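# Analysis of the macromolecular model
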Amino acid sequence: MKDRILSLCERFEPKFIKMRRALHAIPEASFKESKTQAKISSYLRSAGIDHRRTPGSTGVLGFIRGGGTGNVALRSDMDALNIMERTGLPFASHHPGFMHACGHDAHMAIILGAALVLKHVGKDLPGNVRLIFQPAEETSPGGALTMIRAGALRSPRVGAVLGLHVDPVIKVGKVAVNPGFISAAADEFRIAITGKGGHGSSPHKSVDAVMVAADFITSLQTVVSRRVSPMDSVVVSIGRISGGEKSNIIAERVDMEGTVRTKTAEMRRRVPAMITKVLRATCSAYGAKGEFKLVKGYPPAFCDPGLSALVTSACSDILGRSRTTTSPGLEMGGEDFAYYAERVPGVVIFVGVGNGAKGKTHLLHHSRFDIDEGALRVGVAALAYSAYRYLKEGRGKSDDTGR
Ligand SMILES: [Zn+2]
Ligand SMILES: [Zn+2]
């Protein structure tokens, strides 16, 4: 099967590239991916793959029936970013102000490519493959929950989800699999400190919100440095602050916004409580009032260790051991793949797209970001063969309760 998949990858490589370029040219904002949806649908139709557009959103769910009862899903995101593309590519964005700067064009082409390859494997595929093309990864709340509500993991029940993300830090030809957390929970918070305004010359008759805010921000740093174990990865940052009117007026109110990044459910619950405690204590010491509001973002994305081992072994088998590594992944970034991986075992394969010799060195979300297209074939082989190996091991049966 390995050789069969490799030869199908070689045969269809020009198609993978064509699909990626066509999708690259029509970048669309989160939840507005209607042209992208139509294009995916037309590729699947011409490959004879069953699919449906998800009602009320721009997603697509596909299904490839093989010769067994197990079920595995392959997931791609679809959205682009508000960035003016400066790559100068002949197939650059036709939509001014929008760009596929996070490589989601490549993700779609790789999942479409894997679908094409697995469709050709046909009845020799020891199970079924669900295809998930999901809108809005770049915004919170993302499109993953919309797809789950539309039945992405049901009927038949999916045993595992495989996703991917391109990585310009990894050289083309290589992939990386990281068991455990690959992204952080990304929650935001808003704080308002209210004191009592007054004349700048009479601070003793006022409650200076600027001074309380300054003391609070300094104390806030002790949450991570003194209350969280050094073994837990936590980030607390204040990114915006505003308050006061004029040099000779004691400020009545200061507003702040910040972000909390955590990797475990426990820290995700505890850190906001610690922030609130510091805020209350600081405000009460000065007679000010503090308000705290948490705005929840994506949960942390966890790659199942057992499934990671299977995918690592499949990738080493089809690409070679030296081409299968681990990487720091998305570090403290957010990724809504987390919502699938909370429900069934999931793994994200990081596909190397960097190539210094060809100038493919720009990082994700950069206006000159581009991939070495040799990565498409590598990604298709990794995804298609990992799905095959999962089904071949008899996993993902509908009666399998999973995790
Ligand atoms: Zn992104
Ligand atoms: Zn992305």
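In this report, we go over the structure that sits alongside the text. For every chain, the first residue of its written sequence is number 1, and the numbers climb from 1 along that sequence. Chain letters and ligand numbers both follow the written order, the letters beginning at A and the numbers at 1. Local features are withheld for residues below a pLDDT of 70 in this predicted model, meaning they are given only at 70 or higher, and side-chain atom pairs are given and counted only at 80 or more; totals for whole chains, interfaces and linings count all residues. The basis for the side-chain values is all heavy atoms of the structure; hydrogens and waters are excluded.

### Re the pairing of strand β1 (residues 50-53)
- Sheet topology places β1 next to strand β2 (residues 60-64); four bridges connect them, and they run antiparallel. By the bridge assignment for β2, R53 is matched with V60. Strand pairing is defined by DSSP finding a minimum of two bridges between the two strands. Helix numbering and strand numbering both begin at the N terminus, where a helix is a DSSP run of H or I of at least 4 residues and a strand a DSSP run of E of at least 2.

### Here's the deal with the sheet that holds strand β16 (residues 346-354)
- Read from one edge of the open sheet, eight strands run β1-β2-β4-β3-β5-β16-β6-β15, paired in mixed fashion. Strands with a single pairing partner mark the edges of an open sheet, and in this sheet they are β1 and β15 (324-325).
- With two bridges connecting them, strand β6 (residues 175-177) and β15 associate as parallel partners. What sits directly across from V175, in β15, is T324.
- Every residue pair with non-hydrogen atoms within 4.5 Å of one another is taken to be in contact. Convention adopted: a line fitted to C-alpha atoms gives each axis, helices being fitted over their contacting stretch, and angles between N-to-C directions are expressed from 0 to 180 degrees. Sheet contacts for helix α2 (residues 34-46): β1, β2 and β4 (127-134); angle to β1, the most-contacted strand, approximately 165 degrees.
- In the packing of helix α9 (residues 374-392) onto the sheet, the strands contacted are β3 (70-77), β4, β5 (160-171), β6 and β16, and the crossing angle to β3 comes to about 155 degrees.

### Let's talk about unusual backbone geometry
- With an omega of -5 degrees, the peptide bond running from S155 to P156 counts as cis.
- Mapped onto the elements, P156 comes out in the loop between α4 (144-149) and β5.
- One non-glycine residue with positive phi stands out, namely F31, at about 70 degrees.
- Its place among the elements puts F31 in the loop between α1 (2-24) and α2.
- Given the relative accessible area of 38%, F31 is considered partly exposed.
- Its identity is not glycine, yet S155 carries a phi of approximately 40 degrees, on the positive side.
- With respect to the helices and strands, the residue S155 is situated in the loop between α4 and β5.
- Assessed through its relative accessible area of 64%, S155 is described here as exposed. Throughout, exposure labels follow a simple rule: accessible area from a 1.4 Å probe, protein chains only, divided by the maximum for the residue type, with under 20% read as buried, over 50% as exposed, and the rest as partly exposed.

### Some thoughts on the coordination of the zinc ion (ligand 2)
- Keep in mind that water is not among the atoms, so a site may look incomplete; donors are the N, O and S atoms within 2.8 Å of the metal, or 3.2 Å for Na, K and Ca. For the zinc ion (ligand 2), the full set of protein donor atoms is C102 (SG), H104 (NE2) and H165 (NE2), and the range of their distances to it is 2.1 to 2.3 Å.
- In primary sequence terms, the donor set of the zinc ion (ligand 2) follows C-x1-H-x60-H.
- A residue is classified by how much of its surface remains accessible, and C102, at 7% relative accessible area, is buried.

### Comments concerning the environment of A92
- Take A92: it is sitting in the loop between β3 and α3 (104-121).
- Counting along the chain gives 70 residues from A92 to A22, while the straight-line C-alpha distance between them is 9.4 Å.
- Apart from the residues lying within four places of it in its own chain, the contact partners of A92 are H24, A25, E85 and T87.

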